[in-house]
Amino acid sequence: MAARLRQRAASTPEFWSFVGRASRENGHGTFAYPAMMVPQLQGALLDDVLEVDATVSSVLDPFMGSGTVLLESARRGLSFFGADINPLAVLLSEVKSRPHDIQRLEEVRARVASKAAADTSEIIAVDFINRDKWFRRDVAIALSRLRRAICEEPERVERQVLWVALAETIRLVSNSRTSTVKLHAYSPADIAKRVLDAHGTFLRILAEHIDQLRDQAAILHEGLSRSPKLTISCKPGDARTMPHSGDPVSDVLMTSPPYGDNITTVTYGQHSYLPLQWMSPDDVPGLTPELLLATRSIDSASLGGKLKDRLPEAEELCARSPAFQSCFEKMQARDRNARVRLTAFTADLDESLDSIVARLRDHAWMFWTLGERRISGITVPTVSIVRDLLCDRGARHIETLERKIPAHSKRMALRNASVETMNTESVLVMRGPARRQERDETACMET
């Protein structure tokens, strides 16, 4: 595996950066989810692992986001299990998990357009804190008419497609700037002069999505032709407590966890907050009132989101990760909050590793796409920390791939001076431990 990965870079310099070779086609472009993985990169890695291990048949992504790994796995006939704490991510992935009836979707689009156009009610269908800050009244009325028309559709699968199109519409017509994933309102003067057509924007986006879903259906059928037993499962869930009892183990882990706590890196939950307010909870897996109480609720529930009483956890992390210990010691001269943030996120990520490893076969292949943020001016060596924590569990390092990120494609949340535009990423390639085998051998010895 290491030889194959090195050969790609040797024959094509900057191969893993995919500059000018990355695109959002075949279902990958249905929503502008923050910091999405590069489909072609993950696809190349899957091709390589299939070349060296013919027994591979399934992939796990416990931080699945909008489903990039899902589609790349399925098109190769690999079964997929994914989870995410963000309900919008689970909705996006569910829509990507099945081949849709394109003709029916065209009929649904025409029907929803007609019903929304005939709706003369000016009642705004949703109510939440600061709603009028984020939506101009005429926009909120138009979105309400679309929402009522969507809710009248009888099939949940088709409603989910419509919610995704509405989510992208909301991203474009709300009063939040599209230049950042964090909620940041336009000025009152800019809001007043914006020319917005929520109804027309929705119909345009839905038409574009249907085109993507047509190609997606072809990809999924291709995957089924390769493996008739292919299964896809997308569930709401926290990677730290991801259920695994009774589920089959996976051969490959391919994932990209957050690069730090969401609030100060990429605010996935905040980016999803406004679209989720307009959706029917019955159609969005994992959507609960608690996750919509505030703009930060989802991000606070994510890795590193809870900071109270976390500093004592640093001692154990230092004992198990030299990279963490070195970084933690550098932060001793910084403010206490920097050490708390480092510890909270690392401890939560470490906790997730037990749940993740339990879902993998012995010696499973692992592909971690990771970035390294800065806290109080100090770069956090995330790649080395994850490597340390995995090796502590018996995993083996295979290779680390470095890639450049095109300018402005991954921007962290705007907060103080501790964040910046990321320009590099790494793919940490490892083989998982043989914990089940070791337990079996231990049991035999005890017997």
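Residues numbered from 1 in each chain as written. Predicted model: local features only at pLDDT ≥ 70, side-chain atom pairs only at ≥ 80, totals over all residues. Heavy atoms only, no water.

**Some words on the overall build of the protein chain**
Line of reasoning, step 1. Each helix and strand in the protein chain was counted, giving 17 helices and 9 strands.
Line of reasoning, step 2. Relative to the 2.2 N^0.38 estimate, which gives 22 Å for 447 residues, the radius of gyration of the protein chain is 22 Å and therefore close to what a compact globule would have.
Line of reasoning, step 3. Structurally, the protein chain occupies a C-alpha span of about 75 × 55 × 50 Å along its principal axes.
Line of reasoning, step 4. Taking all 447 residues of the protein chain together, 58% fall into the buried category.
Line of reasoning, step 5. Long-range pairs, those at least 24 residues apart, make up 79% of the contacts in the protein chain with a sequence separation of at least 6.
Line of reasoning, step 6. Summed over all atoms, the accessible surface of the protein chain reaches about 18700 Å², with 50% contributed by carbon and sulfur.
Line of reasoning, step 7. For the protein chain, the separation between the mean place of its 59 positive charges and that of its 59 negative charges on side chains is 4 Å. (Helix = DSSP H or I, 4+ residues; strand = E, 2+ residues; numbered from the N terminus. Rg over C-alpha atoms; globule rule 2.2 N^0.38 Å. Buried < 20%, exposed > 50% of the residue type's maximum accessible area, 1.4 Å probe, protein only. Contact = heavy atoms within 4.5 Å. Areas by Shrake-Rupley, 256 points an atom, 1.4 Å probe, with all protein chains shown as cover. Lys, Arg positive; Asp, Glu negative; His and termini not counted. Charge placed at Lys NZ, Arg CZ, Asp CG, Glu CD.)

**Overview of the side chain of Thr169**
Line of reasoning, step 1. With respect to the secondary-structure elements, Thr169 resides in helix α8 (residues 156-173).
Line of reasoning, step 2. Excluding residues within four positions of it along the chain, Thr169 makes contact with Leu143, Ala198, Thr201, Phe202 and Ile205.

**Observations concerning the confidence of the model for the protein chain**
Line of reasoning, step 1. Per-chain confidence: the protein chain averages 90 in pLDDT, with 90% of residues scoring 70 or above.
Line of reasoning, step 2. Contacts of residues 411-421 to residues separated by more than four positions or lying in other chains number 32 contacts, the stretch itself having pLDDT below 50.
Line of reasoning, step 3. Of the regions scoring below 50 in pLDDT, residues 442-447 engages in 0 contacts with residues more than four places distant in sequence or in other chains. (pLDDT = per-residue confidence, 0-100.)

**Side note on the pattern of salt bridges**
Two side chains with opposite charge may pair up if their charged atoms get near one another.
Line of reasoning, step 1. As enumerated under the stated definition, the model contains 36 salt bridges in all.
Line of reasoning, step 2. For the salt bridge of Arg75 with Glu72, the shortest nitrogen-to-oxygen distance reads 3.7 Å.
Line of reasoning, step 3. A relative accessible area of 23% places Arg75 in the partly exposed class.
Line of reasoning, step 4. Judged by its relative accessible area of 5%, Glu72 is buried.
Line of reasoning, step 5. Residue Arg320 is joined to Asp392 by a salt bridge in which the shortest nitrogen-to-oxygen separation is 2.8 Å. Linking Arg320 in helix α13 (residues 314-320) with Asp392 in the loop between α16 (382-391) and β8 (396-404), this pair joins segments that are 72 residues apart in sequence.
Line of reasoning, step 6. By relative accessible area, Asp392 is classed as partly exposed at 41%.
Line of reasoning, step 7. A cluster of three or more residues bridged by salt bridges with shared partners is formed by Glu316, Arg320, Asp350, Asp354, Asp392 and Arg393. (Salt bridge = Lys/Arg side-chain N within 4 Å of Asp/Glu carboxyl O.)

**Observations regarding the environment of Thr346**
Line of reasoning, step 1. Locating Thr346 in the fold gives a position in helix α15 (residues 336-358).
Line of reasoning, step 2. Thr346 sits 29 residues away from Leu317 along the chain, and the two C-alpha atoms are 8.0 Å apart.
Line of reasoning, step 3. The residues touching Thr346, leaving out its near neighbours within four places in the chain, are Leu317, Phe324, Ile385 and Leu389.
Line of reasoning, step 4. A polar contact of 2.7 Å, which involves the side chain of Thr346, links it to the backbone oxygen of Leu342. (Polar contact = N/O pair within 3.5 Å; in protein donor to acceptor, adjacent residues only side chain to side chain.)

**Some points on the packing of aromatic side chains**
Line of reasoning, step 1. Under the defined criterion, the tally for this structure stands at 5 aromatic pairs.
Line of reasoning, step 2. Summarising the aromatic geometry, the rings of Phe324 and Phe328 are spaced 5.7 Å apart at their centres and angled 20° between planes, so their arrangement reads as stacked. Here the residue Phe324 and the residue Phe328 both occupy positions in helix α14 (residues 322-330), the gap between them amounting to 4 residues, near one helical turn.
Line of reasoning, step 3. Residue classification places Phe328 among the buried residues on the basis of a relative accessible area of 10%. (Phe/Tyr/Trp six-rings, centres within 6.5 Å; stacked < 30°, edge-to-face > 60°.)

**Quick look at the side chain of Gln270**
Line of reasoning, step 1. Inspection of the secondary structure puts Gln270 in helix α11 (residues 268-277).
Line of reasoning, step 2. Among all residues touching Gln270, those that are not within four sequence positions of it are Val181, Lys182, Leu183, Thr295, Arg296 and Asp299.

**Here we look at the environment of His271**
Line of reasoning, step 1. With respect to the secondary-structure elements, His271 resides in helix α11.
Line of reasoning, step 2. When neighbours within four sequence positions are excluded, His271 is seen to be in contact with Phe31, Ala32, Pro34, Arg171 and Val181.
Line of reasoning, step 3. Reaching out from His271, the side chain makes a polar contact with the backbone oxygen of Ala32 at a distance of 3.1 Å.

**Here we look at the packing of helix α5 (residues 102-118) against α8**
Line of reasoning, step 1. At a minimum axis distance of 11 Å, the contact between α5 and α8 shows a crossing angle of 65°. In this structure, the crossing between α5 and α8 has a hand that is right-handed. Contacts from Arg104, Leu105, Val108 and Val112 in α5 reach Glu158, Val161 and Leu162 in α8.
Line of reasoning, step 2. Considered class by class, the residues forming the contact of α5 with α8 number 5 nonpolar, no polar and 2 charged. (Axes fitted to C-alpha atoms, helices over the stretch in contact; angles between N-to-C directions. Left-handed = near helix turned anticlockwise from the far one by under 90°. Nonpolar A, V, L, I, M, F, W, Y, C, P; charged D, E, K, R; others polar.)

**Some details on the sheet that holds strand β5 (residues 360-370)**
Line of reasoning, step 1. Taken together, the 7 strands give an open sheet; going across it, the order is β3-β2-β1-β4-β5-β9-β8, and neighbouring strands pair in mixed fashion. Looking along the sheet, the strands with just one partner apiece sit at the ends: β3 (232-236) and β8. On average, each strand axis in the sheet is inclined to that of its neighbour by 15°, with strand direction left out of account.
Line of reasoning, step 2. In this sheet, β5 lies alongside strand β4 (residues 250-255) in parallel orientation, the contact comprising 5 bridges. Note that in β5 the partner of Ser250 across the bridge is Leu360.
Line of reasoning, step 3. Sitting on the sheet, helix α2 (residues 39-52) touches β1 (58-61), β4, β5, β8 and β9 (424-431), and the angle it makes with β5 is about 155°.
Line of reasoning, step 4. Here helix α4 (residues 87-96) sits on the sheet and contacts β2 (79-84) and β3; the angle it forms with β3, its principal contact strand, is near 165°. (Pairing = 2+ DSSP bridges.)

**A closer look at the pairing of β1**
Line of reasoning, step 1. Burial along β1 is two-sided: the face carrying Ser58 and Leu60 and the face carrying Val59 and Asp61 are both buried.
Line of reasoning, step 2. Sheet topology note: the β1/β2 ladder contains 4 bridges and is parallel. Paired with Ser58 across the two strands is Ser79, which belongs to β2.
Line of reasoning, step 3. The parallel pair β1 and β2, bridged by helix α3 (residues 68-74), forms a crossover whose chirality is right-handed. (Right-handed = clockwise from strand over helix to strand, strands pointing away.)

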